[in-house]
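Spelled out from the first residue to the last, the chains are:
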Amino acid sequence: MARETGRGGTSAAPRSMDVARLAGVSQKTVSRVFNNEAYVSAEVRGRVLAAAAELGYRRNNAARALASGRTRSIGVVTLGTALYGPASLLMGVERAVRDTGYALRVVNTVEGDPTGIAGAVDSLLDQGVDGIVISEPIDEGGNGEGSAVSVQVDVPVLVCGAPPPFAATRVLAAGVGADRLARTVTEHLLGLGHLTVHHLAGPQRWYAARDRLAGWRATLAAQDRREPPPAEGDWSAASGYTAGRELARDPDVTAVFAANDDMAIGLIRALTEAGRRVPDDVSVVGFDDVPVAAYVTPPLTTVSQPFDAVAQDGIKRLVHAIENPQADPLAASEPPVDLIVRASTAPPPAGRGTSAHH
């Protein structure tokens, strides 16, 4: 189908009526397809999308914003870091938002800035976003109780991780199962016969680190096991190495759960240098399943975080809250736990097994 031309011979931008004509449907059906509404068959949806692709049709979001009072944009507040977890989650959110047809606006915060989240949220509200995602928040007050965000938020908010307290029309949570993953890891080590499990925690300003600590602690308590004092790192392999040198001096250490894979890799290096073999003398489990985890020596047992699944589910629920402000929120889905058992875990050394209680 040839495009209409305007004055000067230039091609006029295709309109929804052109797509409807080519696809043999009504303009309302075209609108339903591009708004991801229900009651459109897969065959009709395919025809509309094929016609739009052939014509080079793009929705006029500016006009739609004027008509609906919405900008069709979602703002994301994320910690400016290259750490694997936050970076992977941000990539998942970007893909999920793009699939909805909303525009994405990202504001980075800096760890240690006491006004970081509030300032970022305020900036996004000034830009007129329809919803906000807060990715991997940290406690900016550092008091262990969570610091309130002093911004009145009049759009729905999705928090990936434990939410800081603030006022919003609707707050949704996604990816809050880190404690469940930590319980699975700890149960794996106890199930191998270890008397207890030591924990190399992440920095406690991070809600994610607190969740992992809580899951480890709850599992030991549920099985009536001794709780060793946790060490604390900063997510880096260097901090794992430092903690590993201390743990290597304790002959009672036979199992360690590190709150991320980088710290676990540094820990293994320190144990090996001290003559503590992994996993013959000490079993080590990480968290995240970074790409290199399968290729270190020994390959690292870890638990995988379902970043894409969390982002897809969370953004679907956020868009529903934006477009259906009076409706009940969609229920969150709970992705399965993916424990990846490799060669860094084994039963404890002979003669150091456990009974049902210790």
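Below you will find a few notes about this structure. Keep in mind it's a predicted model, so treat the numbers as computed, not measured.

## Considering the packing of aromatic side chains
As enumerated under the stated definition, the model contains three aromatic pairs in all. Measuring from ring centre to ring centre gives 6.0 Å for Y84 and F307, while their planes differ by 75 degrees; the resulting arrangement is edge-to-face. One end of the pair, Y84, is in helix 5 (residues 84-100); the other, F307, is in helix 11 (residues 307-323), and 223 residues separate them in sequence. The exposure class of Y84 is partly exposed, given its relative accessible area of 30%. By relative accessible area, which is 9% here, F307 ends up buried. On the numbers, 5.7 Å between centres and 80 degrees between planes, the contact of W206 with W235 is edge-to-face. Pair noted here: W206 is in the loop between strand 6 (198-201) and helix 8 (207-222) and W235 is in the loop between strand 7 (231-232) and helix 9 (237-247), with a separation of 29 residues, a long-range link. There is no split in this pair, since W206 and W235 are both buried. The ring of Y102 has R72 sitting right over it, with the charged end atom 4.2 Å from the ring centre.

## Remarks on the packing of helix 1 (residues 16-23) against helix 3 (residues 42-55)
Between helix 1 and helix 3, the least distance of the axes is 9 Å, while the angle of their chain directions is 120 degrees. Accordingly, the angle class assigned to the pair helix 1 and helix 3 is oblique. For the crossing formed where helix 1 meets helix 3, the hand is right-handed. Residues D18, V19, L22 and A23 of helix 1 form the contact with helix 3, whose own contacting residues are R47, V48, A51, A52, E54 and L55.

## Considering the sheet that holds strand 4 (residues 157-160)
Taken in spatial order, the five strands line up as 2-1-3-4-5 in an open sheet, and their pairing is parallel. Each of the sheet's edge strands pairs with one partner strand only, and the pair in question is strand 2 (103-109) and strand 5 (171-174). Averaged over all neighbouring strand pairs, the angle between strand axes comes to 20 degrees, with direction disregarded. Pairing analysis gives five bridges linking strand 1 (residues 73-79) to strand 3 (residues 131-135), with the strands arranged parallel. Counted as the bridge partner of V77 is I134 from strand 3. Helix 5 rests against strand 1, strand 2, strand 3 and strand 4 of the sheet, and its axis sits at about 175 degrees to strand 1. Here helix 6 (residues 116-126) sits on the sheet and contacts strand 1, strand 2 and strand 3; the angle it forms with strand 2, its principal contact strand, is near 155 degrees.

Rules of the game
- Residues numbered from 1 in each chain as written.
- Predicted model: local features only at pLDDT ≥ 70, side-chain atom pairs only at ≥ 80, totals over all residues.
- Heavy atoms only, no water.
- Phe/Tyr/Trp six-rings, centres within 6.5 Å; stacked < 30°, edge-to-face > 60°.
- Helix = DSSP H or I, 4+ residues; strand = E, 2+ residues; numbered from the N terminus.
- Buried < 20%, exposed > 50% of the residue type's maximum accessible area, 1.4 Å probe, protein only.
- Lys NZ or Arg CZ within 6 Å of the ring centre and 35° of its normal.
- Axes fitted to C-alpha atoms, helices over the stretch in contact; angles between N-to-C directions.
- Parallel < 35°, antiparallel > 145°, perpendicular 65-115°, else oblique.
- Left-handed = near helix turned anticlockwise from the far one by under 90°.
- Contact = heavy atoms within 4.5 Å.
- Pairing = 2+ DSSP bridges.

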